[in-house]
Amino acid sequence: QVQLVESGGGLVQPGGSLTLSCAASGSISALHAMGWYRQAPGKQRELVAAFTNSGTTNYADSVKGRFTISVDNAKFHTYLRMNNLKPEDTSVYYCNARHMLISSQNFWGQGTQVTVSS
């Protein structure tokens, strides 16, 4: 099992920045690909940014050039740096750890709220 705890959410004005953090514990390993997703009220959960099995990154078109995902070497901490935030970025952001070989091993954090408003 992998436990994920997000932090860093909050209220920010349009154009502002936030950095979300995800602390992983338990059986986290190099075989887990980390990612960030978000879900707004009434909408489906969507990919924000994630590492692929080969270590490259995927970003949603809506955040390209504004958000950056990073992870420490041991994968104990994953970050999402968010710049030039827009009201449409308002959502609950979830950290995800996906096992590259075992599809059933897909873990989620509890989420952290990001609100972009003036």
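Here is what the cut-offs are and how they apply
Residues numbered from 1 in each chain as written. Predicted model: local features only at pLDDT ≥ 70, side-chain atom pairs only at ≥ 80, totals over all residues. Heavy atoms only, no water. Helix = DSSP H or I, 4+ residues; strand = E, 2+ residues; numbered from the N terminus. Rg over C-alpha atoms; globule rule 2.2 N^0.38 Å. Buried < 20%, exposed > 50% of the residue type's maximum accessible area, 1.4 Å probe, protein only. Contact = heavy atoms within 4.5 Å. Lys, Arg positive; Asp, Glu negative; His and termini not counted. Charge placed at Lys NZ, Arg CZ, Asp CG, Glu CD. Core = buried A, V, L, I, M, F, W, Y, C linked by side-chain atoms within 4.5 Å. Polar contact = N/O pair within 3.5 Å; in protein donor to acceptor, adjacent residues only side chain to side chain. Pairing = 2+ DSSP bridges.

Now for the overall build of the chain. Within the chain, the secondary structure is distributed over zero helices and 11 strands. For the chain, the sequential pattern of α-helices and β-strands runs β-β-β-β-β-β-β-β-β-β-β. A compact globule built from 118 residues would reach a C-alpha radius of gyration of about 13 Å, and the chain, at 14 Å, matches this within 12%. Once the C-alpha set of the chain is aligned to its principal axes, its extents read approximately 40 × 25 × 25 Å. Every one of the 118 residues in the chain was classed for burial, and the buried ones make up 41%. Looking at the chain alone, contacts between residues at least 24 apart form 57% of all its contacts between residues at least 6 apart. Each charge sign in the chain was given a centre, from 9 positive and 6 negative side chains, and these centres are 2 Å apart.

This part takes up the nonpolar core. Judged by nonpolar contacts, the single largest core of 26 residues is most densely connected at Leu-4, Trp-36, Val-48, Phe-67, Leu-80, Met-82 and Tyr-93. When residues of this core are traced back to their parent elements, those giving at least two are strand E1 (2-7), strand E3 (18-26), strand E4 (32-39), strand E5 (46-51), strand E7 (67-71), strand E8 (77-82), strand E9 (91-99) and strand E11 (112-116). Tallying contributions element by element places E3 first for this core, with four residues. Residues contacting Leu-80, with those up to four places away along its chain left out, are Leu-18, Thr-19, Leu-20, Trp-36, Val-48, Ala-49, Phe-67, Thr-68, Ile-69 and Tyr-93.

Let's shift gears to the environment of Arg-66. Relative to the assigned elements, Arg-66 resides in the loop between strand E6 (57-59) and E7. Not counting chain neighbours up to four residues away, the residues in contact with Arg-66 comprise Arg-81, Met-82, Asn-83, Asn-84, Leu-85, Lys-86 and Asp-89. Reaching out from Arg-66, the side chain makes a polar contact with the backbone oxygen of Asn-84 at a distance of 2.9 Å.

Where E4 lies against E5, four bridges are found, and the strand directions are antiparallel. When the sheet's bridge partners are listed, Gly-35 is paired in E5 with Ala-50. As paired strands, E5 and E6 are joined by three bridges and run antiparallel to one another. Bridge assignment links Ala-50 to a residue of E6, and that residue is Asn-58. The turn linking E5 back onto E6 is made up of five residues, and Gly-55 within it adopts a positive phi angle of 95°.

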